Structure formats: structure tokens, C-alpha cells
Amino acid sequence: MELSGLVRALRLEGPRDGQPPPAEQVLLQLGLLLSQGPGGAGVLRDLGVLIEAADGQWLFGGRSPAALGELVAVLSGHAAPPKQEQDAADLPGEDSAYAATAERAADVGSVFLRLLEKLEVAKAQESLGVPMVGPILARVMAPIYIFAATHVVERPWTNARSQSVAQELLTSLVRAADCGSVAEFLRGKDEDEEGRFAAVMGILKQELTKDMWKRNPATKFVFSWTLPHVTRPWLGRYLERVLPPSLLISDDYREENKILGVRCLHHIILNVPAADLCQFNRAQVVYHALYNHLYSREAPLIQAVLLCLLDLLPILERARRQQKLPRPTAACDEVLQLVLTHMEAEHRLALRRVYAKALPAFVQRLGILIARHLKRLERIILGYLEVCDGPEEEARLGILETLQSTIEHAWPRMPCRLPVLLKALLRMMWDVHTDRGSTPESVKTALLQGATQCLILLDRCSEGQVKVLLEGVYSSCEENRVRECLRQVQENT
């Protein structure tokens, strides 16, 4: 029976030559037609009409669940982005191929929407003799989710229409699963319920391998888009599934892949219990992978790595204490030593800003033990206070915060450094006040207030020496803005 005749039969217009064939036979034939390539648009259109016209008893009965699962896989492959070579440096540049992919994805998504609508209707009619749709939903939800996640965000292979259909498809999936959000769909409604994340990762695992993950350009994006939806306490049970691909992506030579992998690792660190991370030395493996990235010269990657390390270091420190290892092996000292080495010689403003913004957190983490690094840290503070780094002055503000934290934690070591620090702070205050560039007034105020707070802290730890040294400066200063800062230091008790 031809497809048009079959549609009429399913609409109860009467078949031309007997009863319609079994659903699984029709679905498998349609999948074969799609896999052969030409005429895909017509097949998709007819398939959508067929699903809409079909009776639930016919469509979901017999062995059709398996056939539907195979058809969904074929449809997803039909709308997949073009494959690329394993060692390709960039995504293939065929705009026409990507445009065609987006159109196919929109058509396939429309078919999936009709299928889900039919499944929802059948689910409501189960008590009336319609076959159970639970097994069918369990079979098709994961591949349909991966299809939607592939096309829901703007990518080279998407357009406005395909993104809209994919978003509608996600909404329909969540509704069909009786969930309230994509996160609930993936992880389950409560801690005891297993969501669909395991099924999704089971499919992605086939492509998230060393030899395969680059061939499908969508795989890494689907994984990195899906992972943040699964949080604590659910993510811990999937650690063995999500950690290897995150490490694999972060170990790539392309910067964008490194950043993607590091962000995935950061999410894992934040949402998996420390005990699970330390088991089998996993935390050390992640640490060494991140530490190697610190030799990079790219500011976005360094920023992602430092943020990730700051959350990983307490876990390593806890494990070190439990193993009763000597303090000199602390990872925080090792990381800070390398960061300070790079900071001292760095001349690129973007990297100087990233380093300076991260430095206060390292000082807070080490506490009094920052005294081990004071000699080099002092040189960096003096050097960074001298250099204006643009309108927002992020590096200077970060260094002022670092200096404040250092004074608070290592105050016994400050009096001997008072002359050089006082001179550097006063020079910076004068430079900021006399700056006629594009620096906003709010930034200038923040810099002057930061320097003033440093002077107050230095005065406290030096038992009033700063007040004595500033007496002559205050009496001879004629600039009201600087004079007001000095007055705050003089009057502070």
C-alpha cells in the first residue's frame, strides 16, 4: 500500500486494497527511505501526516516501540551536522551544507513534535485500551532530547526556525515526562528517582571517545549544554560517565575546547562530593590537568582555570590532611608560585587583569602562610601599582585588594616593608588624581579608597608610623581629593 493510500486508510476513509500493513513495517520502510538520502523532505512531510492521522492502537501496538526507536535514530542522523575530519582545525565552512542541515532539522523536529503529541494523547487513553506508551517514551526520549539540544542554541548548523522548533520540542519532552524543567527531566524529580541523564549519556558515550568526539561537531556542545542541568546531589552517581569526557575535551589543543572542558570540570568539582572526587586519586588527576593549562598565554583560558583551581584546592587540602602529608606539598603554594612567576614577567594587559583579579582569593586561601611568598609578591604589587591598565583599572583594583588581604594576614612582616609600600601607594594616588584620560570618576574613587584603606591597615600594623610619615605630606598637599584621603588616614583610630 502506498503512503497516500495508507494515510486515507488510517483516517478511516477506507483502504483501497485491504487492511493497512503493521506499523513496524511502515516505520522501518520510511527509515530506509530516509537513510537513502534523496527525497528526504517529501518523506518527512508524508511521515508527519502519517503520524498525525494514525490511530494510537495501530501506531503503538505490536512491535512498533522498537521500530519507533530505530526511526527516531534515523531521523536524528538525517538532521545531524556534517561530519568533519578528526584533526580538522575548524568546523567545515560549507555554508550551504549548514543551511540545508538547519532546514532538515526543522522538518525533523516537526515530525518529533507530532510524535510526542500523539504519545501524550495515547498516554491519556491508556485506560481505554490504547497500548502502554511508557516503554515507547523511555526508548525515544533520550535521542529526541539529544536532537533538540543539538539545535536549540545558535550554532553554524542552526537557524531561527530550527532553534524555535528545538525549543518547542524540549518543552514538549518535559511535558510528556511530567516534569517541570529540563533539569528535572534529566536528573529526576527527587534524589531517589533516576532521570533520563543516564540514557542521554549512554548515547553520547559512543561519540565522546578519543577517536570520535571531533567528528561530530555537535557532540561536545550537547554534552557541555546538558551537564550544568544535573547538579548536586544527583551528579555524583554519574561521575564515572562525565569526568573522562570533560578531561578529554579540556586536553585538546584548541583553546575553545580547553575552556569548554575546564568549565565542565568546574561544574563537576562544585557538584560532586569531595570524598568521591578524592577516591581513586581523581582530584589529583584533575589538578594536574588544570595545572598544565597555567602555562597557556590565553586570558580566557587562564581565567577559567584559576576559578576552577580555587574550588579544587580546598578538596586537595582536605585530602592532604587526611593522609597526614607534610605542609610543603600543598597544591595552593605550588599554584601560587607559578602564578606569581608568570605575573612578574607578564606585559599583556588582558593577562595582568586576570591574574590580579584572582590573586586576592589565593592570599585568603593561604592566610598567614602567604608570608612564604612575600618577597616576590611585594615586587609584583609595586610593579602593578605603577601601571595604568585602562579605563576600568581592573589590575590595579585587584592588586589593592591583594595588598589589603596580605597586610591583614601577614601583618607582622609589614613594618619592614613600610617605606616602599607607602611610597608606591602615594605615587599611585597622585597618578590617579592627575589622570586626564578616559578613566571614569567612579573607578578613580575606588582606587583612591582602596589605597586609603591600605594606608590605614599599614598604620595599624606599624603602630602609627604611617601617621608620622604622612604629617609633612598632609600639611603640604594642596589637592583636595588627595588631602581628603590623607585626612582619613590621620583621623583613623
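Residues numbered from 1 in each chain as written. Predicted model: local features only at pLDDT ≥ 70, side-chain atom pairs only at ≥ 80, totals over all residues. Heavy atoms only, no water.

On to the overall build of the protein, then. Counting its secondary structure elements, the protein contains 24 helices and 0 strands. Expressed as a percentage of contacts within the protein between residues at least 6 apart in sequence, the contacts between residues at least 24 apart total 70%. As displayed, the protein has an accessible area near 23000 Å², and 52% of this comes from carbon and sulfur atoms. (Helix = DSSP H or I, 4+ residues; strand = E, 2+ residues; numbered from the N terminus. Contact = heavy atoms within 4.5 Å. Areas by Shrake-Rupley, 256 points an atom, 1.4 Å probe, with all protein chains shown as cover.)

Our next topic: the packing of aromatic side chains. Tallying each qualifying case throughout the model produces 8 aromatic pairs. Here the aromatic rings of Trp 157 and Phe 221 are separated by 6.1 Å at their centres, their planes lie at 50°, and the arrangement is tilted. Residue Trp 157 is located in the loop between helix 7 (134-151) and helix 8 (160-176), and its partner Phe 221 is located in helix 11 (residues 219-226); the two are separated by 64 residues in the primary sequence. For Trp 157, a relative accessible area of 0% corresponds to the buried category. Three or more aromatic residues joined by ring pairs form one cluster here, namely Tyr 98, Trp 157 and Phe 221. The ring of Phe 221 is capped by Arg 155, whose NZ or CZ atom sits 3.9 Å from the centre of that ring. Here Arg 187 stacks its cationic end above the ring of Trp 234, 4.3 Å away from the centre of that ring. (Phe/Tyr/Trp six-rings, centres within 6.5 Å; stacked < 30°, edge-to-face > 60°. Buried < 20%, exposed > 50% of the residue type's maximum accessible area, 1.4 Å probe, protein only. Lys NZ or Arg CZ within 6 Å of the ring centre and 35° of its normal.)

For the structure shown, the criterion picks out 22 salt bridges. Note that Glu 378 and Arg 417 form a salt bridge whose closest N and O atoms lie 2.8 Å from each other. Residue Glu 378 is found in helix 19 (residues 374-386), and its partner Arg 417 is found in the loop between helix 20 (394-409) and helix 21 (418-434); the two are separated by 39 residues along the sequence. The residue Glu 491 makes a salt bridge to Arg 487 at a minimum N-O spacing of 2.5 Å. On the criterion of helical spacing, the pair formed by Glu 491 and Arg 487 is a turn pair, its members being 4 residues apart in helix 24 (residues 480-491). When its relative accessible area of 27% is taken as the criterion, Arg 487 is described as partly exposed. (Salt bridge = Lys/Arg side-chain N within 4 Å of Asp/Glu carboxyl O.)

With 16 residues, helix 20 extends 23 Å from end C-alpha to end C-alpha; this agrees with the ideal 22 Å at 1.5 Å per step. For helix 20, the set of buried residues is Ala 395, Arg 396, Gly 398, Ile 399, Leu 400, Thr 402, Leu 403, Gln 404, Ser 405, Thr 406 and Ile 407. Contact partners of the buried residues in helix 20: helix 17 (331-345), helix 18 (349-366), helix 19, helix 21 and helix 22 (441-461). (Expected span 1.5 Å × (residues − 1).)

Relative orientation of the contacting elements helix 13 (residues 255-271) and helix 15 (residues 282-293) amounts to 140°, with a least axis distance of 12 Å. Regarding helix 13 and helix 15, the two cross each other, and that crossing is left-handed. Between helix 13 and helix 15, the contacting residues are Lys 258, Val 262, Leu 265 and Ile 269 on the first element and Val 286, Leu 290 and His 293 on the second. Per-class residue counts for the contact of helix 13 with helix 15 are 5 nonpolar, 1 polar and 1 charged. (Axes fitted to C-alpha atoms, helices over the stretch in contact; angles between N-to-C directions. Left-handed = near helix turned anticlockwise from the far one by under 90°. Nonpolar A, V, L, I, M, F, W, Y, C, P; charged D, E, K, R; others polar.)

Counted at 1.5 Å a residue, the expected span for helix 13 with its 17 residues is 24 Å, and the 24 Å between its end C-alpha atoms agrees. For helix 13, a buried count of 13 out of 17 residues is recorded, marking the element as mostly surrounded by other parts of the structure.

Mapped onto the secondary structure, His 373 falls in the loop between helix 18 and helix 19. Not counting chain neighbours up to four residues away, the residues in contact with His 373 comprise Asp 333, Leu 336, Gln 337, Leu 340 and Leu 366.

What follows concerns the environment of Arg 155. Assignment of secondary structure puts Arg 155 in the loop between helix 7 and helix 8. When the C-alpha atoms of Arg 155 and Tyr 98 are compared, they prove to be 9.5 Å apart, with 57 residues separating the residues in sequence. Excluding residues that lie within four positions of it along the chain, Arg 155 makes contacts with Thr 150 and Phe 221.

Below, the discussion takes up the side chain of Asn 257. With respect to the helices and strands, Asn 257 occurs in helix 13. Owing to a relative accessible area of 1%, Asn 257 belongs among the buried residues under this scheme. Here Asp 252 takes part through its side chain, which lies 2.6 Å from a polar atom of the side chain of Asn 257. Once residues within four sequence positions are removed from consideration, Asn 257 is found in contact with Trp 213, Lys 220, Ile 249, Ser 250 and Asp 252. (Polar contact = N/O pair within 3.5 Å; in protein donor to acceptor, adjacent residues only side chain to side chain.)

Moving on, we come to unusual backbone geometry. Cis geometry marks the peptide bond from Arg 232 to Pro 233; its omega dihedral reads 5°. Phi at Asp 178 takes a positive value of approximately 60°, unusual for a residue other than glycine. Position of Asp 178 among the secondary structure elements: in the loop between helix 8 and helix 9 (182-187). By relative accessible area, which is 46% here, Asp 178 ends up partly exposed. The phi angle at Phe 280 is positive, at roughly 60°, despite the residue not being glycine. Of note, Phe 280 is situated in the loop between helix 14 (274-278) and helix 15.

A few words on the confidence of the model for the protein. Low-pLDDT portions of the prediction should not be read for the details of their coordinates. Model confidence for the protein is summarised by a mean pLDDT of 86, while 88% of its residues fall at 70 or above. Taking the mean pLDDT of every element in the protein, the minimum, 51, falls on helix 1 (residues 3-10) and the maximum, 97, on helix 13. This model gives residues 10-16 a pLDDT under 50, and the stretch forms 13 contacts once residues within four places in sequence are excluded. (pLDDT = per-residue confidence, 0-100.)

Structurally, the position occupied by Ile 370 is in the loop between helix 18 and helix 19. Among the residues examined, Ile 370 registers a relative accessible area of 0% and is labelled buried. The spacing of Ile 370 and Ser 405 is 35 residues in sequence and 9.8 Å in space, taken between C-alpha atoms. When near neighbours in sequence (up to four residues on either side) are disregarded, Ile 370 contacts Leu 336, Val 363, Leu 377, His 409 and Ala 410.

Turning our eyes to something else, we now look at the packing of helix 12 (residues 239-250) against helix 13. Packing of helix 12 against helix 13 leaves a shortest axis separation of 7 Å and a crossing angle of 150°. Judged on the interaxial angle alone, helix 13 and helix 12 are roughly antiparallel. Classified by chirality, the crossing of helix 13 by helix 12 is left-handed. Here helix 12 contributes Leu 239, Val 242, Leu 243, Ser 246, Leu 247, Ile 249 and Ser 250 to the contact with helix 13, which in turn contributes Asn 257, Lys 258, Leu 260, Gly 261, Val 262, Cys 264, Leu 265 and Ile 268. (Parallel < 35°, antiparallel > 145°, perpendicular 65-115°, else oblique.)

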